[in-house]
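Chains, contacts and geometry: an overview
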Amino acid sequence: MAAVYKGVIAAHSEEIIEFYRYRRSYENAMLRGNYAEALQAIELCRARVGESFWYVRAMLALLARQGKFEEVEAFSSGCKERFKSEFLVFLLRLTLLLASDPALHFKNIVTRTIKELDEAHLSDWAGLLNLLFAPRPLAFTTEDLKGFSAIQIFPAVDQVYLLESFVAEAIANHGSDGDVFQFQKIFRNLKIAAYGNEIEKSAVILDRLTLLYEQDKYEELVATLVSEFDKLETPFAALNLIAKSIANDPTRVGPFPGGVWESLRNILTQVYRLETSPAKLEEDFLSAAISLHSFSGASHLQLAIFKALPNRFPSAQAVWLANLAQATSVGTALTRELAKGADPILSHKYLCEKSELPNQREIKQHIRELWSCKKTEEISELLIQYKDATPLKKDYVELTSSFYFYTDQFTELIQFCAEILAVDPQMYVALPMREAVTHAEDQQLSSLAALVVFYIYAKRVDSQKDYLLNEAYEEYLLEKGVDRPTKLISSTDKVSPLEAIFFRDISALETMDYLGCFDDSNELRSERVKILDFLREKLVITADAHREEVDEIIGQVVVDAGAAEFNINKIEVNTAPIKRDLVPDITSMLVLYQSLDIDSHASEKVITVDADPEGGDGEKLRALVTGDRSTALLRMFLLIRDRFLFDEKHGLDKNLSTEIRHGFFSNLMRSKLEEHKLITEIDDSGRYKANLYWREAHAIVVQELLDEIDAHLAWFSEAFNKLVSEAEEWMKVSRQPADNRLFNFELYLEDLARYHVLAQRCDAEEFIDRCFDALWLRVDECLAEMREKLNVSFKESINQLFEELLGRIQKARQNLPMADLTGAIVQVKNDIREDITTASEWFKRSESGAIASQTVEALVKISVECFYRVRGVYLVFSINMAPELQNVLIYGGHAKSFIVVVVNLLENACRGSGFGLDTRIEFDGAVNDESWSLAVRNSISQERLSVYTDEYLRDLDARMRSPSSVPLMRKEGGTGLTKVFNQLRLIDDHFDVKLSAVRGTFEVRMVYDS
Amino acid sequence: MTHELLLVEDNSHKRDRIVSFLTDSFPLWRIVQAHSFTAASRYVLERDFSVILMDMSLPTYSKSEKDSGGRFRTFGGREIARKALRRGIHARILFLTQYEAFSDQGTSKTLQTLDEEMRAEYGDIYVGLVHYDSSKSLWKEVITKTLNEVEREDSDC
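Quick caveat, the model's predicted, so the values are computed rather than measured. (Residues numbered from 1 in each chain as written. Chains lettered and ligands numbered in written order. Predicted model: local features only at pLDDT ≥ 70, side-chain atom pairs only at ≥ 80, totals over all residues. Heavy atoms only, no water.)

**Observations concerning unusual backbone geometry**
Residue and element names in this part refer to chain A. Following Arg136, the chain continues into Pro137 via a peptide bond in cis, with omega recorded as 10°. With respect to the helices and strands, the residue Pro137 is situated in the loop between helix H8 (123-133) and helix H9 (156-174). Although it is not a glycine, Asp408 sits at a positive phi angle of roughly 60°. Mapped onto the fold, Asp408 is located in the loop between helix H21 (393-406) and helix H22 (410-423). You can call Asp408 exposed: its relative accessible area is 59%. (Helix = DSSP H or I, 4+ residues; strand = E, 2+ residues; numbered from the N terminus. Buried < 20%, exposed > 50% of the residue type's maximum accessible area, 1.4 Å probe, protein only.)

Structure (structure tokens):
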């Protein structure tokens, strides 16, 4: 095969040299932002060497970069007509998808296709897709690629640059010798012929740029880069130098405004400063790497993030990638050291003389020199100096943690990591988290610092490791001699950052529920509320944050309190924790959305792309090749939708799966059949076992007839199980239309249009809420459809099945009565209809339907019960309700909110009365013409009584009403009475709240005036 | 010698079927039942069982009129097994599940993958992971084999 390719290169060398020239012109013009020049280069390339797949990708990237989406559509339509190969058309579809949203479609389509091809043993084609679209190792493995022969489907120029990538990978994996060495020489000569001898100066230019960077001579650095840009073998190699220079001083202006270079540099600058979510920055960078994967020197681009975040990725990957980059084109001094496996933080040496370095780099260099000659005792002091000198906290964190790691000071390393993370959790990307966690796991550490490290690791790096956190948490408490965290609360005034993260974040419900000390959910929730009270008292959390979480807990209790209904309505998505997780990402995505050019939204265009070349399963994928705003919006919505549907702990699919699909539905459907021995099991050979019960019951009947009856019962068992399986399939969630699944959440374009308005004016929380609202509407539709399907279609099919069984038995039994058997069949046939009705009722939302419409008195009693479950104390209370109030019903959908209001009032009363949990409460309900009211009165201690002056009440009333509108409350939260007031207004505008203090009591009267 | 078996199962229908099978087939065994992760965790740490027969997915707390059972733990059984192992408990552990695959933090695991992982993690105390399908009888055969082996080993001692 190598000989064939050598022949191809020899036969097409002139074309290839021209191709290299145009490709370079195009790429450099794109990086600089000179799109007219880029267009000219690719059109000339096509005219000179013919149409190639590279040309198609380059054109699509150029058009997408400029937001010319109508032209994207026209261009791709033309390509489809010209392409004769189905596989090429498929590759075009993938390219189109990746142009619209690289990270999303890479994850959903490209990786899935590669996996499927591999599983089908079509590794050549999997290898080809890898080579074409997958940045390795950033988004894939470093295993040897197959597909060497598959590239022959392309024109000669495509074959050559793909072959070059193959060769570079082979060198990264196995070194340079034999055929690989020869190919490397051939490519070198082709490039020299294309670019001239200037290419040989690339290393010198990069070293000069590095020296200027090290000396912090920024203007000179940029001037040199701009003037020498076209002489660099790959400009990606210099990205980090500029990005970090600007990170050190954000007032600096970068080169090539509006170009691809600037976009990349900007992401990297943010990575160095770590002021926004690292996960989002990594995704942005991955998107860029996918989009630019066909550029020469793409491995240098990938390496840029490895250089910026040396502790984030496995060092073996960095070494492999540096070797790949070196095999492609010359890199910086740092690349050379990485390729040798040197630690980039402690072992790297500046090219510059120490005397010419600015202060912070001089200290760093000194530390590295001491490290290299093992004089470690002075380093600690120098690290403190470095901390003050460097403008980038990340650099200090990386240097210090590397020092502890390489000197085997793991206790200090874990303590350092914990202290940094407790203050700034985003720093996890700058710390050697994998190494710290491996050590802590091996040593079974359960110190407070280890807990913090485990917590951040499970939360941000690898959620599958959450068991380490749970186990260390339990162990930590055991070692402290307590069984629950509140027993560690001391009376000390100050809460350290580590204690704060321990109580606030680690001691959450989902960690504490691993402990065996709580008897039930209510005891667990009560523990969390006590922790929240403590955190608020110590000012670790704000009153708003306290109130928000307590309300959420009360909400959970309320749902459980509707226990009578609990087993009926099973559909629930716990959106609160999902929302909490989403808010940081959606906040930054909304900022991005709102900062994007509004014109690109106006020019957006939608192109429908068939993702499956064969159309085999009929699945279509809509690629929204749109303006940046729409892409950003789509990403936000899909992120929210996917978490709502597929969140591992709280999503809809999880709920359907655990509450209904797995076991509960099939068990209920079979239970009556099993009770009457009408269904049998399958044996090892896959056949249904003989129904011994009915055989024995009819022992006197002739064998042939028994066999026939048995066969009918086996047939029935099989058919029944099949119907149940089909119905279970309806209960699955799908993102795309699927005939057999009812919970279908396809996104329609008109849906998306509505969210543009919201995204422009909402904050993240409101935007997420609105998306959830829309998703709930769709869930409600699906639930109605599901109930209908079970009650009509499924019931009918089951009915027919029984009819047919009866008919068969009737025919088989001839004149024998077999009354027991036919009676059993008729009995179950009737009973199972009820069971289907019961199962269909599961398909209702448990939250809204958990409590039916209730009287005010009933809700007051539930509220007192909820208060008890949250606080563990029954309040002393009395209820005095006007008889007419029995006719006033609070609608079920508002019942939960009303209970939360009353519980809030009880909390408020206990806090303000001076009696704490011994506060006496009076509930007083009255009806008057068109209005009704509920007063909640609490006793006030002598000490507190003097506070309740008229002026105080006026001020309290004014503050209660201060967020002048309900929408404002949503943003500003509010505590105590403000929350009560606004919560009631959210239920109904006709509610008002009146405050008064009479005869040693404080009264809050909720008035509903219709 | 009387053997004790801990049965950890939250689904009452499935539990009843298993108990009915065990009492019919192994009348000399004492069956202790737990309906949740927490209840089972407490039993495992407090008593010495010959066999622990568990569902893989469990609610955190036992469901009641006043409690929906807390968080549903997809790998609750596995968590209990880890607790047992960390405390040096050597009961034989057998999982019975109605799931054909498990979704764990975005990664789907088949029964086979999970079986291999647990075999490597728990060694000899791990008996296996059996798919429970009330329409089939394989699960009964595996339980029978396991309990017979325990009885035989004890009689050899």
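**Considerations on empty space enclosed by the protein**
Residue and element names in this part refer to chain A. Inspection of every chain in the model, using the stated rule, returns six cavities of 30 Å³ or more. Elements with a contribution of two residues or more to the lining of the largest cavity: helix H11 (202-214), helix H13 (239-248), helix H16 (298-308), helix H18 (333-339), helix H19 (359-372) and H21. Its residues placed into classes, the lining of the largest cavity shows 13 nonpolar, five polar and nine charged. Of the pockets and cavities examined, the second largest cavity occupies roughly 380 Å³. What lines the second largest cavity is a set of 28 residues, and nearest its centre among them are Ser165, Phe295, Gly297, Ala298 and Thr328. Every element with two or more residues in the lining of the second largest cavity is listed here: H8, H9, helix H10 (178-195), H16 and helix H17 (315-328). (1 Å grid on protein atoms, 1.4 Å probe; cavity = no way out; pocket = protein on both sides within 12 Å on 5 of 7 lines; lining within 4 Å. Points joined across faces, edges and corners; volume = space filled by probe spheres on them. Nonpolar A, V, L, I, M, F, W, Y, C, P; charged D, E, K, R; others polar.)

**Some words on the sheet that holds strand S10 (residues 991-998) of chain A**
Residues and elements named next belong to chain A. Across the sheet, which stays open at both edges, the five strands sit in the order S6-S8-S9-S11-S10 with mixed pairing between neighbours. Where the open sheet ends on each side, the last strands, each with one partner, are strand S6 (876-881) and S10. Neighbour to neighbour, the strand axes of the sheet diverge by 15° on average, direction disregarded. Alignment of strand S8 (residues 920-928) against strand S9 (residues 931-939), held across eight bridges, turns out to be antiparallel. Among the inter-strand pairings, Ile921 is bridged to a residue of S9, identified as Asn938. Sheet strands in contact with helix H42 (residues 856-871) are S6, S8 and S9, and its direction is about 175° off that of S6. Here helix H47 (residues 976-987) sits on the sheet and contacts S10 and strand S11 (1001-1009); the angle it forms with S10, its principal contact strand, is near 150°. (Pairing = 2+ DSSP bridges. Axes fitted to C-alpha atoms, helices over the stretch in contact; angles between N-to-C directions. Contact = heavy atoms within 4.5 Å.)

**Re the interface of chain B and chain A**
Facing 41 residues of chain B, the contacting portion of chain A comprises 46 residues. Of the roughly 3800 Å² buried between chain B and chain A on both sides combined, carbon and sulfur atoms contribute 38%. The interface formed by chain B and chain A includes 13 salt bridges. The salt bridge involving Asp519(A) is made with Arg42(B); its shortest N-O contact spans 2.9 Å. Counting the contacts that link chain B with chain A gives 18 residue pairs in polar contact (both at pLDDT 80 or more). Secondary structure elements with two or more residues in the side of chain B that touches chain A: helix H1 (12-25), helix H2 (37-46), strand S5 (72-73), helix H3 (76-86), strand S7 (101-104), strand S8 (107-110) and helix H5 (138-156) of chain B. For the side of chain B that touches chain A, the element with the most residues is H3(B), which contributes four residues. Of the residues belonging to the side of chain B that touches chain A, the class tally is five nonpolar, 16 polar and 20 charged. (Buried area = accessible area lost by both parts, 1.4 Å probe. Salt bridge = Lys/Arg side-chain N within 4 Å of Asp/Glu carboxyl O. Polar contact = N/O pair within 3.5 Å; in protein donor to acceptor, adjacent residues only side chain to side chain.)

**Considerations on the packing of helix H25 (residues 466-479) of chain A against H3(B)**
One way to put it is that H25(A) packs onto H3(B) with a least axis distance of 12 Å and a crossing angle of 45°. Taken together, the axes of H25(A) and H3(B) are oblique relative to one another. Seen along the crossing, H25(A) lies across H3(B) with a hand that is right-handed. Residues Tyr467(A), Asn470(A), Glu471(A), Glu474(A) and Glu475(A) of H25(A) pack against Glu79(B), Arg82(B), Lys83(B) and Arg86(B) of H3(B). Counted by class, the contact of H25(A) with H3(B) contains one nonpolar, one polar and seven charged residues. (Parallel < 35°, antiparallel > 145°, perpendicular 65-115°, else oblique. Left-handed = near helix turned anticlockwise from the far one by under 90°.)

**Focus on the environment of Leu309(A)**
All names here are of chain A. The residue Leu309 is located in the loop between H16 and H17 in this model. Considered as a pair, Leu309 and Leu268 are 41 residues apart in the sequence and their alpha carbons are 9.7 Å apart. Not counting chain neighbours up to four residues away, the residues in contact with Leu309 comprise Val271, Glu282, Lys394, Glu398 and Val429.

**Let's talk about H9(A)**
All names here are of chain A. The end-to-end C-alpha separation of H9 is 26 Å, in line with the 27 Å expected for 19 residues at 1.5 Å each. Of all 19 residues in H9, 15 are buried, a share of seventy percent or more. One or two residues past the end of H9 sits Gly175, with phi positive at roughly 85°. (Expected span 1.5 Å × (residues − 1).)

**Here we look at the sheet that holds strand S6 (residues 92-97) of chain B**
Residues and elements named next belong to chain B. Here we have five strands laid out as an open sheet, ordered S2-S1-S3-S6-S9, and parallel in their pairing. One side of each edge strand has no neighbouring strand; the edge strands of this open sheet are strand S2 (30-34) and strand S9 (126-131). Each neighbouring strand pair of the sheet contributes to a mean axis angle of 15°, computed without reference to strand direction. In terms of strand pairing, strand S1 (residues 4-8) meets S2 through five bridges, oriented parallel. In the sheet register, Val8 faces S2, and the bridge partner there is Ala34. Against the sheet, H2 touches S1, S2 and strand S3 (51-54), its axis set at about 135° to S2. The sheet strands contacting H3 are S1, S3 and S6, and the helix crosses S6 at an angle near 175°.

**A word on the environment of Met427(A)**
Residues and elements named next belong to chain A. Inspection of the secondary structure assignment puts Met427 in the loop between H22 and helix H23 (433-442). A residue is classified by how much of its surface remains accessible, and Met427, at 2% relative accessible area, is buried. Those residues in contact with Met427, other than ones at most four positions away along the chain, are Leu274, Lys393, Lys394, Val397, Ile420 and Leu421.

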